[in-house]
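# A look at the structure
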Protein chains: 2
Amino acid sequence: MDVRRLELLRELGERGSITAVATATHRTPSAVSQQLKVLEREIGFPLTERSGRGIVLTDAGRTLARTATDIAVAIERAEAVWNAFVDAPAGEVSIATFPTAGQMFIPGLLKTAAATPGLSLVVSDRDPQLPDFPRLTNDFDVVLAHSPRGLAAGPTPASLSMSSSWSRSTWRCPSAIRSRAARCSRPPTSSTRPGSGCRSATPSSRC
Amino acid sequence: MDVRRLELLRELGERGSITAVATATHRTPSAVSQQLKVLEREIGFPLTERSGRGIVLTDAGRTLARTATDIAVAIERAEAVWNAFVDAPAGEVSIATFPTAGQMFIPGLLKTAAATPGLSLVVSDRDPQLPDFPRLTNDFDVVLAHSPRGLAAGPTPASLSMSSSWSRSTWRCPSAIRSRAARCSRPPTSSTRPGSGCRSATPSSRC
DNA sequence: ACTCATTACGTTGAACGTAAACATT
DNA sequence: AATGTTTACGTTCAACGTAATGAGT
């Protein structure tokens, strides 16, 4: 039982004519007719019968078409699972932080990171007083820094994106935590950063 | 995502080496390697990586192989459904009976026949006193007749096969109620009976 | 006449095998 | 050396299209 041919039978059940199936699947009626005939031969049962100018499914054809639907559903489900895997965040994300902020963010981050397989965090504590702290963005995917102007009075910022004093351009990548698909899309476009940046998952030339 | 290639990946996950998959699927290692490479290309992810002399699935490869298993299960289930359809009793079964026996058997038969789609009974009452009653087997799939020796004392026979006075040879077919597969297996082998006998489901030459 | 399915026949490319190269133990 | 994978290259057959034919309204 070939899946591709079963799919044709399913289409025939839904669309009602070989010509319709042919146009829907970008084929000629001839090809569809031939493939259905091959399927009939494989199965060993008449699956269609003429009805006026067109054809209709026999009892056997209908039941077989139903099984084809089940298979098609299974395949779509499988593809959905795969897409979920591809779009899931993954990879190694390096974070520079300083002790106070680290105590704040890291435990929660580690928890969510541990919950997503394939995602790992590399955290390193730094001294926020160093003059070139912003330059750390060259070496890390995420840098947690003080606002140079000092924090406004009020509750401590609760999300990474709140360090609004950073210009968006300091982010070399739109999102440090990238999905597999994003990481795999293209080799880095001449990144000036040596060890970090939009590195691809593997040095493979194809992926 | 081609199902055949996914199947190869699944096999690779289970068997662990390309050579093993190749022998299991009656192919050369070369062919398997090439198909896996095509799959990798289609998918856009590295699915395998070298490990010593052999190869192992990557994370992506494993998840994709799992989806392949799901698809394989769905296909097997579909085939099981189809086989159930093929083996189910079906067709038109003609029965000759006489009033007394008919009252006995027919209601139950009609009930079970109605419960099995594709199976229809054609019942006709006859006079059991006619001299050529046994000849009716030429025209009917099942003939319910008196035992010529008369019934022994005791409870009424409760099943068709109890008319033990008939020789087995009076049955032209092993079983009057045939499955679709049996009916479809071969055109009748020069049956002497015109309208009945092991007739095939359709006059089609192939089936 | 028109529409749909089928058959005849030629073409092409995906899948495969053979053989050689490559890699690892 | 032995084992397992990959690459290069040639072959073949299944899937398809074009064109002609058949069948029904």
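Residues numbered from 1 in each chain as written. Chains lettered and ligands numbered in written order. Predicted model: local features only at pLDDT ≥ 70, side-chain atom pairs only at ≥ 80, totals over all residues. Heavy atoms only, no water.

Bringing the overall build of chain A into the picture now. Within chain A, the secondary structure is distributed over six helices and five strands. Starting at the N terminus, the α and β elements of chain A follow one another as α-α-α-β-β-α-β-α-β-β-α. Counting only residues that meet the buried cut, chain A has 36% of its 207 residues in that class. Here the contacts in chain A between residues at least 6 apart in sequence split such that 61% fall between residues at least 24 apart. Total accessible area on chain A is roughly 12400 Å²; 54% of this is exposed by carbon and sulfur atoms. (Helix = DSSP H or I, 4+ residues; strand = E, 2+ residues; numbered from the N terminus. Buried < 20%, exposed > 50% of the residue type's maximum accessible area, 1.4 Å probe, protein only. Contact = heavy atoms within 4.5 Å. Areas by Shrake-Rupley, 256 points an atom, 1.4 Å probe, with all protein chains shown as cover.)

What follows deals with the protein's contact with DNA strand D. Near DNA strand D you find 23 residues, and of these R5, R27 and T28 of chain A together with I18 and T19 of chain B are the closest. What you see for DNA strand D is that sugar and phosphate hold 70% of its atoms within 4 Å of the protein. Take R27 of chain A: an N or O atom from its side chain is 2.3 Å from a phosphate oxygen of DNA strand D. Mapped onto the surface near DNA strand D, the elements with two or more residues apiece are α1 (3-15) and α3 (29-43) of chain A together with α2 (18-24), α3 (29-43) and β2 (54-57) of chain B. Considering each element in turn, the surface near DNA strand D owes the most residues, five residues, to α3 of chain B. (Near = heavy atom within 4 Å. Polar contact = N/O pair within 3.5 Å; in protein donor to acceptor, adjacent residues only side chain to side chain.)

Turning to α3 of chain A, a few remarks are in order. Taking 1.5 Å as the rise per residue, α3 of chain A with 15 residues should run 21 Å; its terminal C-alpha atoms sit 21 Å apart, in good agreement. The complete set of buried residues in α3 of chain A reads V32, L36, L39, E40 and I43 of chain A. All buried residues of α3 of chain A fall inside an arc of 100° around its axis, so they share one side. For α3 of chain A, the secondary structure elements touched by its buried residues are α1, α2 (18-24), β1 (48-51) and α4 (59-87) of chain A together with α4 (59-87) of chain B. Backbone geometry just after α3 of chain A places G44 of chain A at a positive phi near 90°. (Expected span 1.5 Å × (residues − 1). Arc of directions from axis to C-beta.)

So, on to the interface of chain A and chain B. Counting residues at the interface gives 30 residues for chain A, matched by 30 residues for chain B. Buried area between chain A and chain B, both sides added, is near 2600 Å², and the carbon and sulfur share of it is 80%. Linking chain A with chain B are zero salt bridges. Connecting chain A to chain B are zero residue pairs in polar contact (both at pLDDT 80 or more). Within the residue set of the side of chain A that touches chain B, elements represented by two or more residues are α3, α4 and α6 (180-185) of chain A. Broken down by element, the residue count for the side of chain A that touches chain B peaks at 14 residues, all from α4 of chain A. (Buried area = accessible area lost by both parts, 1.4 Å probe. Salt bridge = Lys/Arg side-chain N within 4 Å of Asp/Glu carboxyl O.)

Among the nonpolar cores identified, the biggest contains 52 residues, and L47 and W82 of chain A together with L47 and W82 of chain B are the most heavily contacted of them. The next biggest cluster of nonpolar side chains, apart from the first, holds 12 residues, and it includes F98, A101, F105 and L119 of chain B. (Core = buried A, V, L, I, M, F, W, Y, C linked by side-chain atoms within 4.5 Å.)

Taken together, 23 residues are adjacent to DNA strand C, and I18 and T19 of chain A together with R5, R27 and T28 of chain B come closest. For DNA strand C, the backbone makes up 73% of the atoms found within 4 Å of the protein, where backbone means sugar plus phosphate. Within the contact set of DNA strand C, a phosphate oxygen lies 2.7 Å away from a backbone nitrogen or oxygen of I18 of chain A. The side chain of T28 of chain B places a nitrogen or oxygen atom 2.9 Å from a phosphate oxygen of DNA strand C. Elements represented by at least two residues in the surface near DNA strand C include exactly α2, α3 and β2 (54-57) of chain A together with α1 (3-15) and α3 of chain B. Sort the elements by how many residues they give to the surface near DNA strand C and α3 of chain A lands first, with five residues.

Right, let's talk about the side chain of T63 of chain B for a bit. Relative to the helices and strands, T63 of chain B resides in helix α4. Setting aside its immediate chain neighbours within four residues, T63 of chain B contacts W82 and F85 of chain A.

Between the two copies, chain A and chain B, the superposition gives an RMSD of 0.1 Å; the rotation angle is 180° and the shift along the axis is 0.0 Å. Here the copies are linked by what is in effect a two-fold axis. Residues of chain A ranked by C-alpha distance from the rotation axis are headed by A74 of chain A, positioned 3.2 Å from it. Looking at chain A, 100% of its interface residues are interface residues in chain B too, so the copies touch through the same face. (Least-squares fit on C-alpha atoms with pLDDT ≥ 70 in both.)

Residues and elements named next belong to chain A. Averaged over all residues, the pLDDT of chain A is 74; the fraction at 70 or higher stands at 69%. Looking at the elements of chain A, mean pLDDT is at its lowest for α6, recorded as 63, and at its highest for α2, recorded as 98. Taken together, the stretch residues 150-175 has pLDDT below 50 and engages in 29 contacts with residues farther than four places along the chain or on a different chain. Counting interchain partners and residues more than four positions distant, the pLDDT-below-50 stretch residues 186-207 has 37 contacts. (pLDDT = per-residue confidence, 0-100.)

What follows is about the environment of V56 of chain A. Residues and elements named next belong to chain A. The topology assignment puts V56 in strand β2. On the basis of relative accessible area, V56 is assigned to the partly exposed category, the value being 37%. Along the backbone, V56 and G16 are 40 residues apart, and their C-alpha atoms lie at a distance of 6.7 Å. Not counting residues within four places of it along the chain, the set of residues in contact with V56 comprises L47, T48, E49 and S51.

Okay, the environment of I55 of chain B next. Residues and elements named next belong to chain B. Topologically, I55 is positioned in strand β2. Residues I55 and S17 lie 38 residues apart in sequence; the distance between their C-alpha atoms is 6.5 Å. Excluding its chain neighbours within four sequence positions, the residues that come into contact with I55 are L12, G16, I18, T48, E49 and R50.

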